[in-house]
Amino acid sequence: AESCGDGLLEHNRAYLRWLKNIREKYPSLVIENCASGGNRMDYLTLENCDVQSTSDQTDYKVYPYIAANMFSALLPEQAAVWAYPASHASDEQPNSECVIMNMVNGLAGQMHLASKLYLLNETNAALVKEAVVLSKKLEAIRKNALPWFHKDTPTDMESGQVIYGLKEGHKLIIFVYRMHGKEDICIDIGKKIQGAKIIYPSCSNIPLKTDGKHIHVSFPNKFMARIIEIETI
């Protein structure tokens with residue numbers, strides 16, 4: 001190489017040529033791009049990989065801020081998100097809201113389900129199973145959906161609430177979190193709402209109200225999350 005920069009560029013090009021050759025030789029092989037979480041997310045690399053690991057973050061209270069912004073860089077069907085519902089399970093069970101938020105994180109993209117699931121009790125295990133079933137149902141939507149960004153999309157971890165979603169036609173799938181903000185969250189949809197319901201978890205008792213183009217949801221405690229399905233006009 002004539003310089004360090006020239007060497008790095010040629011290395012990058014050689015790596016991409018190698019990826020293309022692998023894909024041609026094994027067309028059914030699913031290739032995931034990782035590189036320490038989301039560090040290598042240039043579009044030439046993404047073009048040659050089926051799945052992109054968005055982070056190696058294991059703290060479920062941090063991942064929502066990553067998930068809310070990941071669609072600004074890659075396709076919804078390409079984004080892989082880790083879910084660790086049993087990462088804090090030992091002799092003491094994690095509370096159900098911890099499990100729910102982990103699974104809401106994972107449902108935002110291609111779910112990478114990890115941690116010691118066998119330690120979960122029956123209630124928490126049922127929440128994981130429900131999320132896995134829902135993830136398969138969302139697969140068709142995820143392949144055709146466009147990212148939906150709320151006007152209050154967080155730019156740092158100081159945001160007390162996290163809201164983002166996927167939009168396909170008149171259907172909108174919203175991921176909403178109360179982190180350390182106010183109990184009542186108002187979501188501006190931007191279109192008249194025909195109907196709205198919480199789809200995960202299905203047994204949720206969180207109050208949900210619609211008002212024209214707005215949805216009002218109330219979380220009694222910090223660090224809670226839900227997924228809302230919305231039909232717009």
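Refer to the preceding data block for the structure.
Just so you know, these numbers come straight off a predicted model, no measurement behind them.

Rules used in this analysis
Residues numbered from 1 in each chain as written. Predicted model: local features only at pLDDT ≥ 70, side-chain atom pairs only at ≥ 80, totals over all residues. Heavy atoms only, no water. Pairing = 2+ DSSP bridges. Helix = DSSP H or I, 4+ residues; strand = E, 2+ residues; numbered from the N terminus. Axes fitted to C-alpha atoms, helices over the stretch in contact; angles between N-to-C directions. Core = buried A, V, L, I, M, F, W, Y, C linked by side-chain atoms within 4.5 Å. Buried < 20%, exposed > 50% of the residue type's maximum accessible area, 1.4 Å probe, protein only. Contact = heavy atoms within 4.5 Å. Phe/Tyr/Trp six-rings, centres within 6.5 Å; stacked < 30°, edge-to-face > 60°. Disulfide = S-S within 2.5 Å.

Another point: the sheet that holds strand β9 (residues 193–200). The pairing of strands in a sheet comes from backbone hydrogen bonds and takes either a parallel or an antiparallel form. Sheet architecture is open: five strands sit in the order β5-β6-β7-β12-β9, paired in antiparallel fashion. The sheet is open, and its two borders are formed by β5 (146–149) and β9, each paired with just one other strand. Neighbouring strand axes in the sheet, compared pairwise and without regard to direction, differ in orientation by 25° on average. Examined bridge by bridge, strand β6 (residues 161–168) and strand β7 (residues 171–178) share eight bridges and lie antiparallel to one another.

The next subject is the nonpolar core. In terms of nonpolar packing, the biggest core is built from 41 residues, with Leu 107, Tyr 164, Phe 175, Tyr 177 and Tyr 200 touching the most fellow members. Counting residues per element, the ones that place at least two in this core are α3 (63–70), β3 (79–83), α4 (96–107), α5 (122–144), β6, β7, β9 and β12 (224–232). A total of seven residues in this core trace back to one element, the largest contributor, which is α4. Beyond its immediate sequence surroundings of up to four residues, Tyr 177 is in contact with Pro 64, Met 101, Val 104, Asn 105, Gly 160, Gln 161, Val 162, Tyr 164, Ile 185, Phe 219, Met 224 and Ala 225. If you look at the next biggest cluster of nonpolar residues, it comprises 17 residues, including Trp 148, Ile 163, Ile 185 and Val 217.

Let us look at the packing of aromatic side chains. A full pass over the atoms with the stated rule returns four aromatic pairs. Among the aromatic residues, those joined into a ring-pair cluster are Tyr 164, Phe 175 and Tyr 177.

Along the chain, Ser 159 falls in the loop between β5 and β6. Classification of Ser 159 by relative accessible area gives buried; the value is 18%. For Ser 159, the contacting residues outside a window of four places in its chain are Tyr 65, Pro 154, Met 179 and His 180.

A separate point is the state of the cysteines. Note on terminology: a disulfide is the covalent bond linking the sulfur atoms of two cysteines. Counted according to the given criterion, the structure contains zero disulfides. Cys 49 provides the cysteine sulfur closest to Cys 34, a residue in no disulfide bond, and the two sulfurs are 11 Å apart. Judged by its relative accessible area of 34%, Cys 34 is partly exposed. Since its relative accessible area comes to 5%, Cys 49 is described here as buried.

Function cannot be inferred from these measures alone, as they are strictly geometric.
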